[in-house]
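# Observations on the three-dimensional arrangement
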Amino acid sequence: MSLARYVGIRVAQAIPTLVGAMLVMFVLVRILPGDPARLIAGPEALEQDVQRIREQLGLNKPLYLQFVDYMSSILRGDFGTSIKYRTPVIDEIMARLPYTITLALAAEAIAVAIALPLGIYSAIKPRSKASYIASVLSLVGASTPIFWIGLIFIYVFAVSLRILPSSGADTPRHIILPAVTLALLLMGNLTRITRAAVMEALGSNHVLTAISKGLGSRVILVRHVLRNAMIPIITIMGIQVGALLGGAVITETVFAWPGIGSLLIDSLFYRDYPLAQGIILFIVFVFIVINIITDILYAYIDPRVREVLWRAGRS
Amino acid sequence: MESGEILRRVYEARRRRLREMWETLKSNRAAYVSLYVVGFLVFIAIFGPFLTPYNPYDFDLSRARQPPSFAHPFGTDELGRDILSRILEGARYTIGISIASVLLGVVIGVILGLASGYLGGLWDTVIQRIVDVMLAFPTVLLAIALVASLGQGVASLIIAIAISTFPVYARLVRGVVLQVVNEDYIAAARLLGKSKIYIMFKHVLPNSISPIVVQATYYMGLSILLASALGFLGLGVPPPTPEWGAMIGSGRTYLFSSPHIVVFPGVFIMISALSFNLLGDGLRDALDPKARALLRRG
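In this text, all values refer to a predicted model and were calculated from it rather than measured experimentally. (Residues numbered from 1 in each chain as written. Chains lettered and ligands numbered in written order. Predicted model: local features only at pLDDT ≥ 70, side-chain atom pairs only at ≥ 80, totals over all residues. Heavy atoms only, no water.)

Our focus in this paragraph is the overall build of chain B. Each helix and strand in chain B was counted, giving 11 helices and 0 strands. Listing each helix as α and each strand as β along chain B from the N terminus yields α-α-α-α-α-α-α-α-α-α-α. Taken over the C-alpha atoms alone, chain B extends approximately 75 × 40 × 35 Å along its principal axes. By residue count, 50% of the 298 residues in chain B fall in the buried class. (Helix = DSSP H or I, 4+ residues; strand = E, 2+ residues; numbered from the N terminus. Buried < 20%, exposed > 50% of the residue type's maximum accessible area, 1.4 Å probe, protein only.)

Size of an interface, as often reported, equals the accessible area lost when the parts are brought together. Residues and elements named next belong to chain A. Along its sequence, chain A is carved into domain 1 (3-75) and domain 2 (93-314). Measuring from the centre of the C-alpha atoms in domain 1 to the corresponding centre in domain 2 gives 32 Å. Between domain 1 and domain 2, the contact holds 19 residues from the first and 18 residues from the second. The three residues of domain 1 that bury the most area against domain 2 are Leu3, Tyr6 and Arg10, which together make up 32% of that side's buried surface. For the interface between domain 1 and domain 2, the tally reads 1 salt bridge. A salt bridge links Asp295 to Arg10; the shortest N-O distance between them is 2.5 Å. Taken together, domain 1 and domain 2 are joined by 2 residue pairs in polar contact (both at pLDDT 80 or more). Counting residues per element, the ones that place at least two in the side of domain 1 that touches domain 2 are helix H1 (3-31) and helix H4 (63-75). Looking at the side of domain 1 that touches domain 2 element by element, the count peaks at 15 residues for H1. Class assignment for the residues of the side of domain 1 that touches domain 2 results in 15 nonpolar, 2 polar and 2 charged. (Domains from an automatic or database assignment. Contact = heavy atoms within 4.5 Å. Buried area = accessible area lost by both parts, 1.4 Å probe. Salt bridge = Lys/Arg side-chain N within 4 Å of Asp/Glu carboxyl O. Polar contact = N/O pair within 3.5 Å; in protein donor to acceptor, adjacent residues only side chain to side chain. Nonpolar A, V, L, I, M, F, W, Y, C, P; charged D, E, K, R; others polar.)

Attention now goes to the confidence of the model for chain B. In the predicted model, chain B carries a mean pLDDT of 85, and 96% of its residues have values of at least 70. Predicted as a complex, the structure gets a pTM of 0.88 and an ipTM equal to 0.87. (pLDDT = per-residue confidence, 0-100.)

Take a look at the structure:
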């Protein structure tokens with residue numbers, strides 16, 4: 001099967017999930033207390049104005065039609081209008097998105113830069129100090145409330161030592177603390193998986209063959225061990241995007257980083273539900289797309305997986 | 001052999017297995033200590049309000065933001081409330097909400113997982129699509145969306161966390177079901193004319209208990225972090241409830257001058273999550289016979 005076809009199948013598989021995600025958001029917004037039309041009109045609005053807005057929004061139609069309308073407008077990139085800013089939700093998201101992307105990439109880069117070498121080294125030398133650090137790190141990563149560790153970082157580096165800014169995004173230095181905080185969330189698991197994957201690859205038959213052929217250890221490590229270990233590592237990185245995006249919401253709030261995560265929390269306090277649900281759906285879309293990319297990357301690295309995935313996809 | 005004798009042997013084998021599990025758990029020092037820490041946390045979650053040296057809600061601005069002292073071991077918060085008392089009182093929120101949400105999540109997940117794996121067909125397809133959709137949401141984000149929609153409060157927090165986490169159990173149980181469904185004893189039960197529901201709960205479910213217990217223990221750690229994160233964001237239980245995350249959320253304004261308001265509740269959150277994670281590691285080794293065999297060999 002060609003890669004292009006696999007991509008096509010994988011994208012098609014995501015469609016029910018996408019529709020489902022939209023349905024979940026639609027239902028959640030329906031459960032919300034209060035009349036959305038009145039919310040938009042404001043507390044002093046006349047009943048006839050509220051009624052007019054209700055008709056404009058299509059709130060007088062049957063529910064299933066409302067859902068179809070809702071889906072079709074989202075697919076056209078129309079996430080509705082923000083109550084607070086009175087601008088299209090998608091514009092607000094796009095204005096703040098670069099900050100979130102920068103933060104997420106910086107965090108991922110830090111996590112990878114520490115977790116991969118540490119994981120590989122501790123797999124090669126399981127009884128070393130690095131191995132011990134790796135297991136502590138993975139435990140701490142899974143047990144630390146990141147909003148708290150972020151505040152502790154602010155206190156240590158911004159208040160006590162005065163070497164880094166505490167919040168905002170004015171200079172490049174502002175990204176250091178939030179990126180490290182968010183990286184902590186990813187690092188532990190990434191180290192653990194890397195370590196396990198490299199250990200497994202080290203024990204496999206073809207590595208044994210490579211050793212018996214007398215290949216140099218560097219060649220074996222790069223060409224045979226790491227190449228095989230990359231598959232679980234990429235998988236976990238794909239899965240971790242969920243934690244990364246969720247963690248970004250918390251981290252951005254702690255450091256007043258002006259991305260879509262802090263915008264989401266602000267919008268909830270302002271009861272700006274169109275904006276809030278727009279941001280959540282947007283993040284879910286991104287998550288789904290990244291998962292597709294991960295799967296494709298996976299198939300690209302390991303042609304065997306492509307076949308397996310393809311069969312699994314059809315059954 | 002008469003039936004009394006058989007029963008006696010069955011019980012003895014069961015006892016031996018439990019003793020072996022206990023020995024394995026005990027041999028993992030970190031997990032064993034964590035067991036006591038978890039016991040202690042549950043204790044303060046139940047009896048915390050009777051142990052508080054001060055009233056956790058009484059505010060007195062004249063003694064606001066005092067650093068830790070002999071009278072107030074963890075200091076006082078921005079309204080002069082004793083932080084130790086608030087942590088003891090708050091344990092029932094943070095820990096209690098986590099326990100309740102894990103239980104609820106397990107119940108939903110187990111029922112859906114059993115139905116999906118054992119009934120198969122349309123049930124399986126529908127349930128798996130639901131699980132797919134739930135897993136398409138980052139956990140924190142789904143929980144945020146749910147609490148925002150259900151409104152603030154303990155009940156909605158429990159429901160939100162349970163719904164955000166049940167898909168994992170559903171997947172897990174389905175996997176186990178598919179593994180055991182072709183075993184002889186299931187066929188035997190079917191031949192005896194037992195109903196599907198009976199077989200599901202009497203024969204299939206017991207096989208899933210070990211992985212569920214391990215997963216649920218890990219998820220206790222996750223739920224504590226999730227509940228406190230929502231509290232921190234101001235989406236959890238409303239003030240003045242001393243939920244640990246909410247304490248950090250309201251204390252962060254005074255971080256620059258009085259960091260102790262933020263530090264102590266965070267330490268408790270971290271210790272709680274850490275001990276559940278360590279206990280999960282220990283239980284995984286104790287309940288998984290394969291890992292156990294390895295351990296004994298090593």
